[in-house]
Each structure stands twice: as C-alpha cells, then as structure tokens.
Amino acid sequence: MHRLPSLLITVILSLFLSSCQALPTIPAHDSVSIIKSPSDPRDYRYLVLENGVRVILTHSPDSETAAASVGVYAGSEQNPDNFPGLAHLLEHMLFLGSEKYPEPNSFDEFLSQHGGFSNAWTADTETIYFFSIQKDALFPALDRLAQFFISPLLAPELIDRERHAVDSEFQIYKQQDGWRQAMVKRATFNPEHPASRFAVGNLDTLPNTPELQQALRRFHNTWYVSQNMAISLVSNHSLDEMEEQVKLMLGGIPKRKAPDKPNKTRHYTAKETGIRIDVQTQTQSDGLHLTFPLESDPNHLTQKSSLYVSHFLGHEGKGSLNSLLLQQGWIQGLYSYAVDTGNEAKLEVYFNMTDKGQQHIDEIIRLTFDYIHLVQQEGVQDSLYQEIRQTQELAFRFMEIDSPDSLATDLVERLEILPPEQLIAASYTFKSYNPKRIQHILAQLTPDNMLVRVSSDQKPPVEEAELKTEPWMGMTYSTRKLSEDQQAFYLSPSPMADQLAIPPTNTFLPEDLTLNDGQESKKPKLIVNKPGMKVWNHFDRSFATPKTHAIIRFQTTYTDPDVDNVMRFRLYSILLNEIYLEPLYMAGMADLSYSLWHDDEGFLVEFSGFNDNLPGFMETVLGWMQTVEFDETRLTQKKELMRKHIQNIDYMDPSPLLRQALKRILVRSEHSPEAQLQAMENITAKDLQAWSQKLFDRAQIRMLISGNASSKQRDRMIATVAPLASSNAPIPKPILPGYVPAQPAENICSVSYINADAAVLVTNTALDKDLKTRATYSLLASVLESPFYAQLRTQEQLGYLVGAFSSETQHYPSMSFIIQAPDNTPEFVGERIQTFLSGFKTTLAELPDEQLNTLKEATTAEILSPEKTMSGQAFKFWNDLDGGFIDFNQTELLAKAIQSINKQDLQKLFETIADGQHTITLYGYHQNKLPEQLPPACNDPGFTDQIKHRKGA
C-alpha cells in the first residue's frame, strides 16, 4: 500500500540523507532552534565539538531508558577494491574491545547488566552504531562506545573469528530472495558506480592476512574521523549535563577530516535504462518493478515534487491505477516511492502480481504510462498539493513520540545532510507547489528512461545462452533491451485508459481538531456493565492530541479456532480490506485506521483516529463487516495469494520455522501449513458468505475506549456496538498452551526445510503463570542473554543468529535458546548449548548481589516506564483487561514480583532448565542433509501426544 504519511516520508528521507555530502559545521548551538511538533514534549540542542563531531542532544523528560547513536558517514562504497566487505568487518570488530575496555564482550556485558542492548549496520555510505540502556547507566555506556572511535584494539587474533561471523551473515543472506534480488540490482547498476560492487563480505573476500589487518586500521584512520561523524543522545538527563559528558567522552576523537568523497557517477546511465531484467526467485513471488532515474531536484527538501508524482502513481483510491489493475485480477497491490540523494534521484513503482498478471506485464506497463499521461494532463493541481500538505501538517502537529533508540538513530542519519533546525520538520515539509518541476519530473517518465525488473519462480523467458548467474549469491537472471515496438506499445493508449481518474477530494480529513475537556483518570473506568457487554473508558488530555483508540473483543463460540474457521477468517479479512480498499485508503490518508484479528475466544477489532471522524468511521466499518458480499472470482485470487504465502513458509529462515513448529506443539489451536492449505481449498464464496453472516451471532462484547473522545463521541461509538451484543451467549473458554512434562519420553524432535543452515531451539515451559513465575523467567533471561551470546556466538562462532530469551503465551512463560548455524550439525550445536547450560550453574551461583540488583532495577524501570504514545497506552490498558487484570495494575504487580526475586529463585528455575526438566529441543535440518538416526518429526503424534494440556483447555 502506498501512503504519504510521515512514516514513508521518513524512510524516503533517510535514503536521501544516506548518500549526500556533509554540511558545513555550525560553530555554536545558541544560533540553532530546532523546529519541533507542538505535541512534542522533548527539548533539543545542536552543537559541534571542537574536533568537529556534530552532536544532537534530546531531553526526553519522562523516559526511563536512554539511547545513543553514532553515525560514521562512510560505508561499503568506501571499501577498497581488494577487500569487499571491509567496512562491514570493521563494524563487527569495533565491538571486540578497546585499549580502555579490552575485554571482547565487555560492552555487551555492561549493556546487558543495565537492561540494555545494542546493534549496528553498514550501509552504502554510512555505518550506524547505537545502544539503549537504563537511564542511570547512559554515560558509562557512552564512554565505552566512544572508545570504538578513539582506541579500538582490532586484535589480530579476533579478526579471523569475526571473518566467520561476517561469512555466516553472508550465508544467511544468499538464501533470501530479497538479498539475492538486491545483488542482481547491483549487478545491473552502472559498473562505474561503487554501489555495483559486492558489499557484504565473506571468507574469500576477507582473507586472514596481515594485509587485511592493515586495511582495517587504515579504513578506521581514514574514515572514522571527527569531522566525518555525528552523535545523537536521547535521555531524561538535562541538555547541559549531556553536553558536558559528550564533550568529555567524544572530545578525545582526534581532529581530522575525511577525504572528500568524489562526485559520484550515477547508478543508471542511458546504457542501464530501456532494458528489462528477469530474475528467477526461489519463492513464489511475482513482482514487477519499474525504475525511472531522475535529475536531482535542488528544492526537493521543501517542495517534494517527485513525492507528489509517486503519491498519485501509488494511490489506491477510486479511479487509481491500483484499483483498475485489481479489478482485472492482475495484481494483489502496488506501491510507489521517490528518492532524491542530492546527486541523482529516482522514482519506483512496484506491482505485486498475480499469476494472471504475469501474462499481462506489457499491459500493466502500458496502463502505468496511461496514468502518467493522465497526471500530466489533469493531475498537476495546487488543490491536490495542498491536500497532501494538509495531511503532513496534521501528522507533524500530532506526531507520536519515537522510542529513544529509534529517535537517536533517525537523528544521527539525518545529521549527515539536513540543516540542524530541520532535523525533525523536514520529513513533513511541503512548503511550496511547483507545477513546472512536477511536469519536468513527469516528462522524464518515459520507456527509454525506464528499467523493468520482473521476478518470478520461473526461469527467465530467454534462450539458455542468454541466462546469467549473479556471481555472489547465485540468482539466475537475464537482461534484454526494450525494442522500439515495445516502447511504442507502452505509449499507445490502452482501451481501458478511460477508466482511470485523478483521485477525488478526501472527505475523511478532520475539520474539528478541538482538544476535548473532561475529567481525566489514571486508569480506565467501567462505564457500561450489562449482560453481554462491558465497556471501559479512559479519558486523556496528556498527549494533547484529539484522537482516540477503541478496541473491541467479540467473544463468540461461532468462530472457534479450528482450522476451517481460522482460514475463513483470514480470507474474510483480506477480502473485506480489498472490497472496501478505496474508501479505506482515503481514510488511512486522514489517519483513520482499523485492524481485525482472530484468536481462540473470537475476534477483535481496533479503531483509531481523530475524534471528529472516528465514530462515523466505526459505524461504516462495522456495517461493512455485516453486509460485505463475496464472489468466487475475487475469492480465487485471494486463495492464490494465501497459497503462495503458505507454500513459501518452507523457504523461511530456520529460526522462525522452529519457533512456529514449537507453537504448534504447545498450542492446539495452531495449525500446520498442510492443514491450512487443505482447509482453504474447501472454502467457497457461498460458504464464506453464509459463515460471515453469522459472525456476530451470540457475541459477548468487551470494549475499551482510550483517548480524547468527548462523552458524545464516546456514547455514539458505544451505541454503534451495543446492538451486536448478545445477553445469553456462552463465553468460549480459551485454549491454554500446553507444557512439557518433567521428564518427557522423547525430548528431541526434528523439522526439515529448504534452507541450508542447521538450527536448534531448546525451550523450557512453565507450569504456572503467577506473577512471580513470570518475573523469574524474565529476570533469568536478562542474566543469561549476554553470556550465552558471548560464549556461543562471539567465542565459539557457532552461528550468526544466537539468542537466549523468555516469552509468554497467554501469560504462561517459557525460556528458549536458539542458534542458526551454517557450518555445524544440529547435534553438535545442541551439545554446545547443553555444555553452556551445565557450566553456567557455577556462574549463576557466583552472581554478585550487586549485579542482580542492578538487573532487577533495570527490568523494573523498563516495565514501569510510562507509555510515550496514546496508542501504546491504549494497548497497555487492553493487555491488562484482556489478561484479566481489571484493576489495570499488571505492570505494578509484575515489577513488585521482580523485586522479590532472589538468587535462589533463579538457581531453582535454572536447575530445571539445565537438567532438561519440562524442556524439549527442536533440531532443524536441510531436507537433503537428514541423518540416518533422525529424531521423530515435531508433528509426529507420538511426540506431540506427550504434551500436557492444562485444565479448562
């Protein structure tokens, strides 16, 4: 779906930032006033250190966590020719010790001990590092991060280890169609552009030689320099305190300037356009990409003319290209976006095609040019530009607060190019309408300036001799020039062109943005309590936003979660969204939305949006849900979409596959892909119609209204829902998750798949869901996370994906350990996990009380941290209500339980895990690498029958 709210623009803008030259530094923060939203409670400060490091500080007054991010404006495009992947390897190496903090895992250990985490990534022209941590530990963590750039060890004995980590990452990527297609895209760039080269790195491109060690140090000395870096801090510390600490800790980075980045060649020249590329995917994914290289617009930041054009090409309202192609059954959806890097620009349109659409690719492209022509003739209008501008002004005025880590990374990326005062506002700015520039962009959208890329699981439709293989990830593809006849056909009007139209005015945009007055309360209050229906209301002005969220649970035995009902509900939801897509899209542009999902007690509907239009929107959607009509043609198309999605599960990474298999073992309402396919094939339009007409029959209703709705608006929403309640309906019992017996007869099962990596998942299940049990599992996960990763990922290099974590199903906790390993067998990995568990008994026994107390404080602070957004607050209340905590005190009780835990509690739980009690292990195998002594399949009744099911299930 293409929408133009802030999320998409922020993504586009971050792409825009990542490829540009740095701005001149500004000497003092006194002269910079950062433009922020009226609803944003945070304060900002920009400054430049004496050594040239640019700094953006954010005071977030109520935040219990803090975050920092450092951006180095060099990435894979700066790799030397003889070491592809060097920038990526250096990113890994900086986590492995500095002169001040030499222990390889000391940074991650410190973060883990204080409720934190970190990550980093290497892009084409930037490398970003960040961490999140308990607020009181921000500055010690920042000092450790600063040493990455001041005095990294780059220890030769650790380079070989991280080479293997990079290679493991590469081995994962080469099995994923997204990465494989990205490499074909790079292979078809202008070969003079540095982005055309291999960037990830592997064991071959990063040989363990003295030259590699020297190259790492040289890259760091060249590009990791003060005037090529920026840092962003977000915390509840004062701006003055943060400024003082940043100067102290990052002022030690030597004052140097990076080499000038040459004015890059373009990704696409005339030689790379006017061609069609066909790629053969592993998964069933039929896609059509159209790429149009554009001239860069010097006023892109304020006018966004190319985004205006992409907005209409990706529109989903009445008369849109999307609507017409959906009617023809040629696509499942489309989106469009535009990017401007300051050196070059592009506009892209992507079509998610059906099997039928694969037979009509040229007609789809032809209709795209018909719509481009229509926009040229009728779509360049000031009123349409002002409507987009209005939606963005609303989004900016009432923007929701990002988490500290997201904000820190976003700001440091934007610091590369944006004027500091525009760091936040630029994403939302549509300052002036420029019809000449819009027409100039439209004039560049021609067949000879277009790159067509078609993806399918079928071999490209060319002669065998014309097939190519991308050398790094092995994807088969072909390239061919678009003939003059093809180009002429694209520009000839389609017989269906008269069905296209410029979108109508958006009638969903709010008119009344008054912030309602009323009596605020800290927690929701029960305001309707009658047979069949209960409603809780929470009135709020604290976010200064005239919006409301409403969540409604319809408890009904009619939608019990057998596989037939699960598949009916999925088809119903997909078809409902498509049938009413045009008005739903327009509503979404006005920030009105709804979500629909199904579970073992019935189904839930969530609505959100501006108070002005939300009650009417709710009436409309609930009316559609009761009167929607289905036809066999549209149902067949959606079955095709779902069939491909289910069949593509076999190509997923092993880690999520094992987690899905575990869920099916423990939860009887989870169904296998085979069962889902069989049930779906039996559903007809007539069957679905009859089922949907009984959807609301005999439903009991629980409803939460949270936000700024007036009493009149609230009562209207309640009145809309009330007729759907049934006073005498039976309430379905939830299907509780099962648990593993203390000593299972079979404790290992197997899953096979197409991916080449092995994987192991070890899971211990709890017997109870009392607060202390939940708290103990959560705290033990915090204790285990860092040492498990340090031992099995950093030291033993068993795989790139390594983790220890706790999770909950209907509040019943479990503890899991997972490793995805490209170069080892499941049996070996399982043994290493067990060895770690056995050895950690001593480590846990010696855990200092001070460290445990620090972890408890960090975990408690995170749990009790107030929600920063209205939506987050609404769902926090709902989780309490839906979990049976009708006093809305779940977090307070859980925090109290965490504080009551002692080391003996952790040891007692850990003993059961290490000794294999209530624990099962899932081994994941490539389907062609099965051992002779294969454990029973995880769906074998002989294995699943030993799972115990709780009373009332």
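Residues numbered from 1 in each chain as written. Predicted model: local features only at pLDDT ≥ 70, side-chain atom pairs only at ≥ 80, totals over all residues. Heavy atoms only, no water.

Looking at an unreviewed UniProt entry, one finds the chain named Protease 3 and attributed to Parendozoicomonas haliclonae. Taken verbatim from the UniProt record of the chain, the Function (unreviewed entry) comment is "Endopeptidase that degrades small peptides of less than 7 kDa, such as glucagon and insulin." The Cofactor (unreviewed entry) comment attached to the chain in UniProt states, word for word, "Zn(2+)". (UniProt positions renumbered as here; feature names shortened; annotations may be inferred.)

### What about the pattern of salt bridges?
By the definition in use, this model includes 41 salt bridges. A salt bridge links Asp599 to Arg553; its shortest N-O distance comes to 2.6 Å. One end of the pair, Asp599, is in strand β17 (residues 593-599); the other, Arg553, is in strand β16 (residues 547-555), and 46 residues separate them in sequence. On the basis of relative accessible area, Asp599 is assigned to the partly exposed category, the value being 22%. When the shortest N-O distance is used, the salt bridge between Glu670 and Lys663 registers 3.9 Å. Residues participating in the shared-partner salt-bridge network are Arg45, Asp240, Glu243 and Lys247. (Salt bridge = Lys/Arg side-chain N within 4 Å of Asp/Glu carboxyl O. Helix = DSSP H or I, 4+ residues; strand = E, 2+ residues; numbered from the N terminus. Buried < 20%, exposed > 50% of the residue type's maximum accessible area, 1.4 Å probe, protein only.)

### As for the sheet that holds strand β12 (residues 468-469)
In space, the seven strands of this open sheet follow the order β9-β10-β8-β11-β7-β13-β12, with mixed pairing throughout. The open sheet terminates on both sides in strands that have one partner only, identified here as β9 (331-340) and β12. One ladder, built from nine bridges, connects β9 with strand β10 (residues 345-353); its direction is antiparallel. When the bridges of β10 are listed, Asp340 appears paired with Ala345. (Pairing = 2+ DSSP bridges.)

### Remarks on the packing of helix α3 (residues 106-113) against helix α4 (residues 138-150)
Where α3 contacts α4, the axes come no closer than 10 Å and their chain directions differ by 160°. What the angle tells us is that α3 and α4 run roughly antiparallel. Helix-helix and strand crossings are classified by hand; for α3 and α4 the assignment is left-handed. In this structure, α3 contributes Phe107, Phe110 and Leu111 to the contact, and α4 contributes Pro140, Ala141, Arg144, Leu145 and Phe148. Tallied by class, residues from the contact of α3 with α4 come to seven nonpolar, no polar and one charged. (Axes fitted to C-alpha atoms, helices over the stretch in contact; angles between N-to-C directions. Parallel < 35°, antiparallel > 145°, perpendicular 65-115°, else oblique. Left-handed = near helix turned anticlockwise from the far one by under 90°. Contact = heavy atoms within 4.5 Å. Nonpolar A, V, L, I, M, F, W, Y, C, P; charged D, E, K, R; others polar.)

### Quick look at the sheet that holds β16
The strand order across the open sheet formed by six strands is β14-β15-β19-β16-β18-β17, and the pairing between neighbours is mixed. If you trace the sheet from one side to the other, it starts and ends with β14 (525-530) and β17, each paired once. Here the strands of the sheet are splayed against their neighbours by 10° on average, with no regard to which way each runs. Alignment of β17 against strand β18 (residues 602-610), held across seven bridges, turns out to be antiparallel. Bridge assignment links Tyr594 to a residue of β18, and that residue is Phe607. Sheet strands in contact with helix α20 (residues 614-627) are β16, β17, β18 and β19 (700-707), and its direction is about 150° off that of β18.

### So, the pairing of β18
Among the nine residues in β18, nine count as buried, and that is most of the element. As paired strands, β16 and β18 are joined by nine bridges and run antiparallel to one another. Each bridged residue has a counterpart across the sheet, and for Ala550 the counterpart in β18 is Phe607. What sits between the antiparallel neighbours β17 and β18 is a turn of two residues.

### Quick notes on the side chain of Lys903
When you line up the elements, Lys903 lands in helix α31 (residues 903-914). It is Asp849 that comes nearest to the buried, bridge-free Lys903 among opposite-charge side chains, at 4.5 Å. Separated by 2.9 Å, the side chain of Lys903 and the backbone oxygen of Ala845 make a polar contact. Not counting residues within four places of it along the chain, the set of residues in contact with Lys903 comprises Leu844, Ala845, Glu846, Leu847, Asp849 and Leu852. (Lys, Arg positive; Asp, Glu negative; His and termini not counted. Polar contact = N/O pair within 3.5 Å; in protein donor to acceptor, adjacent residues only side chain to side chain.)

### A word on the domain arrangement of the chain
Here the domain parsing of the chain yields domain 1 (43-251), domain 2 (275-403 + 422-493), domain 3 (525-724) and domain 4 (744-949). Each of domain 2 and domain 3 has a C-alpha centre, and these two points are 31 Å apart. Taken together, the contacts link 24 residues of domain 2 with 19 residues of domain 3. When the two sides are added together, the surface that domain 2 and domain 3 hide from each other amounts to roughly 1900 Å², 53% of it contributed by carbon and sulfur. Linking domain 2 with domain 3 are two salt bridges, by the criterion used here. Residue Asp355 is joined to Lys644 by a salt bridge in which the shortest nitrogen-to-oxygen separation is 2.7 Å. When residues of the side of domain 2 that touches domain 3 are traced back to their parent elements, those giving at least two are α11 (321-328), β10 and α14 (382-397). The element contributing the most residues to the side of domain 2 that touches domain 3 is α11, with four residues. Considered class by class, the residues forming the side of domain 2 that touches domain 3 number four nonpolar, 16 polar and four charged. (Domains from an automatic or database assignment. Buried area = accessible area lost by both parts, 1.4 Å probe.)

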